[in-house]
Amino acid sequence: MRKYVDMFWARLVVVGIVCLHGQAWADSPPTEKVVFENGFTAILLENHGAPMIGSSIIVGAGSIHEKASNNGVSHMLEHLLFNGTTRRTQEALYAEQAQFGIYNNAHTSQAYTNYIVLAESDHFETAIDIQSDMLFQSVLPPDKFEKEKGIVLNEIAKDWASPSYWATEQFNRTFFKGTPYNLTVLGTPERIRNMTRAQVREYYQTYYVPNNMTAVIVGDFERSAMIALLRKYFGTQPPRPLPTETTYTLDESVFGTQVRSELAVPSPYVAVGIEAPSITHPDYYPISIFTQLTQRNLKSLLNAELGRKDQQPVVSVGLDYQANTDFGVIRVTAVLQEGNDPSAVLTALNTILPHTVSAKGNQSVIANLGTELKVQDLALLEKPHYYGMMKADAIAEGGWVFAQSYSDRIASVTTRAVTEAASRVFTAPKQFASIIVPGPSTLTERIPDLSRDYYGGQSNTAAMSGASIERAATWQLRQLGSAIMDETSAFTWAPSRTGNTSVQAPTRVQLNNGLTIHIDSNSDSKMFAIHLLAKHRAWSEPHGKEGIADLLHSLLGTGTATLNREAFEEELSRIGATLKTRDSDAIPFDDYYHSRLYSYLRFTTIDNFAEHGIQLFSDLVQHPRFLPSEVALVQRQALARINERDSNPSKRAESILYQALFPQDPRGRPIEGTQESVASITVNDLKTFHTHYFSPHNLIISVSTSLPLATITKWLNDTLGHLPRQEASSQQITSVPSTIKDSEIRATLGASQSYIRLGSVFPVTPADQPALAVLNNLFSTQLSFDLRERQGLSYHVQSGIYFMGDQALLSISMGTTPGTREKAFAALMEAVGRITQVPIEQHVIERIVNARNARYLMRRLTRINQAYRTGLAALHREHPGWAPPSPSALKRVTAHEAQAAMKTYFQNPQFVTVIVE
């Protein structure tokens, strides 16, 4: 089947860094492609910076291999593979990966499903054994099939609660009419409810074969040992014939049309699609450059054009280029203000898009894009489990050669080629527009009428490719399976021992202005990371100006007093730097940085560019750009986020719970603020807040690098040493009333998902914190197995405990469909009531600790996360009892201590319960 790839930026990386800006770069680790006799392909990339190895197995099975009658089967199968194999029950599978601290996850896309494991080098054979067992020997247990349907239905309900999901769905359903690209990855509730185990099993047997898999192995291993290991677990599996590739074309009748819907969304959405070159077309690389150059100034050009027509500016606008071997699309998506005229936005886009890129001066910008890709490659080497995930789109579409050559091909593009390619696309463009405006219809009401538009399949899908038939026949003739099994049966995994252990303890430096800096210099990576932590976020915000810290951080992405947005972004690009000023709304799993206790800036480049990076970073910290028009823009974006937050069941429930638990405390205020508080913030408010919030006494700067301590100290003193000293204001973080009785709060949203949150604040003795942390993980696992894995009542159930000095907050959350809300609530309360009956055994404690500590190590793999953890540790030293227990403290927890803590704290827990319907 043809595959569909969304290229560039944080989606593709390449190997082979040589020389940039006249500076010699360190050689990248060697990369090798190995194809085994059965067609299983492995990309091997050694990196000995940390004793860990990641494996990403990319299976050519995604939603484009489906049709309307089995839509969602790829994703359903992904779920079912975690339910047990011929050798491991689901419980045994989870217990084994926890025992050895193995991270095991997966995700489904249009073109593929990706299975990821990450483990310490010593335990990697166990990890790859588990991964192989799941991929080839899963039993798809009949008794768990309906339960898993319930989990997927809850995941669909979660996605349906997002208006942006429906903006994407409407665009895809129409623009890709007549092709499987218009199918949803998760499927629809109707298709999932009617799906049979036989459908899933047939799909599994068709596509989950070694000649349809590519592994990307990154980390601390030795080549020959890894090849032997992969041969043992993957190279012995027999290949089978695969369905032949199908060629698709876009429906010409779609071009020149619009689809407009009224749905229960908070803001209007506009999406424009323009047919663009496929990845095999000579214009593919120039158009890739065009989209990157265009997105940098698209918003300012669009809003300027709207202003000329007396129209309000848009809240946000984005542009991307997606392509496969058959066709491509340039897509522009915009979120409008309430009352915006979508037709005016469409007219403005058609006016400006052909003229967004000027050839003048852009050759250096193109070179900068190459630098960004190369720096990104080094950064991803620090995250071996991410490397294959970020390459998966490119590998699924064009194979390893396509992925590997991308950076060099981009670097060879000329500005003339860019402008000429853009001219060819935008001269009489083949275009489609999708519009969604607020209205009374709910999403659930609309889907039955829309399902008939989904791709129904083609008659020739049963044909098998000649190459795969020949491979399967050759395998059988040579009887390679038994021969290779004999060869590898006695193989013993011996991980590499060449990892670098040259590490210095972090050094604390205090500048004359009172700024505290922590520098960690070690030689395990060439990345440079600097992290700023601003303390006491919620306590620092003036009353009535809640959300001002979040607004300030959003504004920091717009440039500095001396560099406007475009110039600042060009400087970042020139050194391949990544700057993050606030939590990404598109990445839910990074919310553990989203704290009321602090806010942050994250900046990465490579050591070669560290001095210039520090100069840019310090300029941003000291001299933000408080341009009124930029302030107004980020204010509109913040109000739109608040609007979407308040329409999201999970976030709405969280806000209500915190207000109930912390009624007179800053922690009860929403981090993003309210519509009223954010709308009231002025430019002067931001300037005043910045002066105090980013003063030396309120900041902790942490750096991770391989450069000498003295060098980094000098550069930081030369730049941030000029930050003016301010009087330190005492921030009183006091205890709040404990939760002494049960209470219940209900709110109605009418969304596709209901959400339940329980919270309890109680006093805690610091010495009991490690045992409580272990107990919480035990509760969370039990709740997930009971409510998700056994009953299928939720996609995500978890329990979390957060320490606040001499108090703790226990929070339990679950999302469910509206139809199962009361059943799920009753089951949750029953499970919570059985907390004290959970058996506590030492081997279970050890397994929980191993899994938790492995996750701790995983989050310290990257330079930027090391810097983050260093800064957080410094903050917690100022607030004893707020830090989560250390790995060494957890290892000392005994079953007896856990049982004692259970009796002390959870004999009769009292909760505030929030239910958003």
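Structure shown above.
Residues numbered from 1 in each chain as written. Predicted model: local features only at pLDDT ≥ 70, side-chain atom pairs only at ≥ 80, totals over all residues. Heavy atoms only, no water.

A.B. asks: How should I be thinking about the side chain of Glu630 in this particular structure?
C.D. replies: Residue placement: Glu630 occurs in helix H21 (residues 628-646). If near-sequence neighbours (up to four positions away) are discounted, Glu630 is found in contact with Leu555, Thr558 and Arg565. (Helix = DSSP H or I, 4+ residues; strand = E, 2+ residues; numbered from the N terminus. Contact = heavy atoms within 4.5 Å.)

A.B. asks: Teacher, can you tell me more about the sheet that holds strand E23 (residues 797-804) here?
C.D. replies: Two orientations exist for strands paired in a sheet by backbone hydrogen bonds: parallel and antiparallel. With respect to topology, five strands assemble into an open sheet ordered E21-E25-E22-E24-E23, the strand pairing being mixed. At either margin of the open sheet sits one strand with a lone partner, and together these are strand E21 (743-747) and E23. On average, each strand axis in the sheet is inclined to that of its neighbour by 15 degrees, with strand direction left out of account. Pairing of E23 with strand E24 (residues 807-816) involves eight bridges; the strand directions are antiparallel. Residue Gln798 lies in a different strand from E24, and its bridge partner there is Ser813. Helix H22 (residues 649-661) contacts E21, strand E22 (754-763), E24 and strand E25 (912-916) of the sheet and is inclined by roughly 25 degrees relative to E22. (Pairing = 2+ DSSP bridges. Axes fitted to C-alpha atoms, helices over the stretch in contact; angles between N-to-C directions.)

A.B. asks: Mind showing me how you'd approach the pattern of salt bridges here?
C.D. replies: Proximity of charged atoms lets side chains of opposite charge pair with each other. Under the counting rule described, the total for this entry stands at 38 salt bridges. One salt bridge connects Glu96 with Arg88, and the closest N-O pair in it is separated by 2.6 Å. Connected through salt bridges with shared partners, the residues Arg87, Arg88, Glu96, Asp129 and Asp133 form a single ionic network. (Salt bridge = Lys/Arg side-chain N within 4 Å of Asp/Glu carboxyl O.)

A.B. asks: Is there a simple way to think about the side chain of Gln753 in this case?
C.D. replies: Relative to the assigned elements, Gln753 resides in the loop between E21 and E22. Beyond its immediate chain neighbours, meaning those up to four positions away, Gln753 contacts Asn154, Ala157, Lys158, Pro649, Gly815, Thr816 and Pro818.

A.B. asks: For this particular structure, what's the right way to read helix H13 (residues 415-426)?
C.D. replies: Structural remark: α-helix, 3.6 residues per turn; residues separated by three or four positions point the same way. Between its first and last C-alpha, H13 extends 17 Å over 12 residues, near the 16 Å set by a 1.5 Å rise per residue. All buried positions along H13 are accounted for by Thr415, Val418, Ala421, Ala422, Val425 and Phe426. All buried residues of H13 fall inside an arc of 130 degrees around its axis, so they share one side. Looking one or two places after H13, you find Ala428, whose phi comes out positive at around 55 degrees. (Expected span 1.5 Å × (residues − 1). Buried < 20%, exposed > 50% of the residue type's maximum accessible area, 1.4 Å probe, protein only. Arc of directions from axis to C-beta.)

A.B. asks: What is the right way to look at the nonpolar core in this model?
C.D. replies: The tendency in soluble globular proteins is for nonpolar side chains to be buried side by side. Of all hydrophobic cores here, the largest spans 132 residues; its most connected members are Ile330, Leu532, Leu686, Phe694, Ile701 and Leu716. When residues in this core are grouped by element, the largest group, 11 residues, is from helix H12 (residues 384-411). Setting aside residues up to four positions removed in sequence, Phe694 forms contacts with Leu532, Ala534, Leu552, His553, Leu556, Leu601, Val621, Phe689, Leu699 and Leu723. In terms of nonpolar packing, the next biggest core, distinct from the first, is built from 57 residues, Phe40, Met76, Ala119 and Met213 among them. (Core = buried A, V, L, I, M, F, W, Y, C linked by side-chain atoms within 4.5 Å.)

A.B. asks: Could you clarify how one ought to interpret the pairing of strand E7 (residues 103-108) in this entry?
C.D. replies: Put simply, side chains in a regular strand alternate between the two faces of the sheet. In the sheet, E7 pairs with strand E8 (residues 113-120) via six bridges, with the strands oriented antiparallel. Of the residues in E8, the one forming a bridge with Thr108 is Thr113.

A.B. asks: Explain the packing of helix H4 (residues 142-160) against helix H26 (residues 769-790) to me, please; I cannot follow it from the model alone.
C.D. replies: How two helices pack is summed up by the angle between their axes together with the distance between the axes. Remark: H4 packs on H26, axes separated minimally by 8 Å, with the N-to-C direction vectors making an angle of 100 degrees. The angle between the axes of H4 and H26 places the two elements in the roughly perpendicular class. Across from Lys147, Glu148 and Ile151 in H4, the residues of H26 making contact are Arg788, Glu789 and Arg790. A breakdown of the residues in the contact of H4 with H26 according to their chemical character gives one nonpolar, no polar and five charged. (Parallel < 35°, antiparallel > 145°, perpendicular 65-115°, else oblique. Nonpolar A, V, L, I, M, F, W, Y, C, P; charged D, E, K, R; others polar.)

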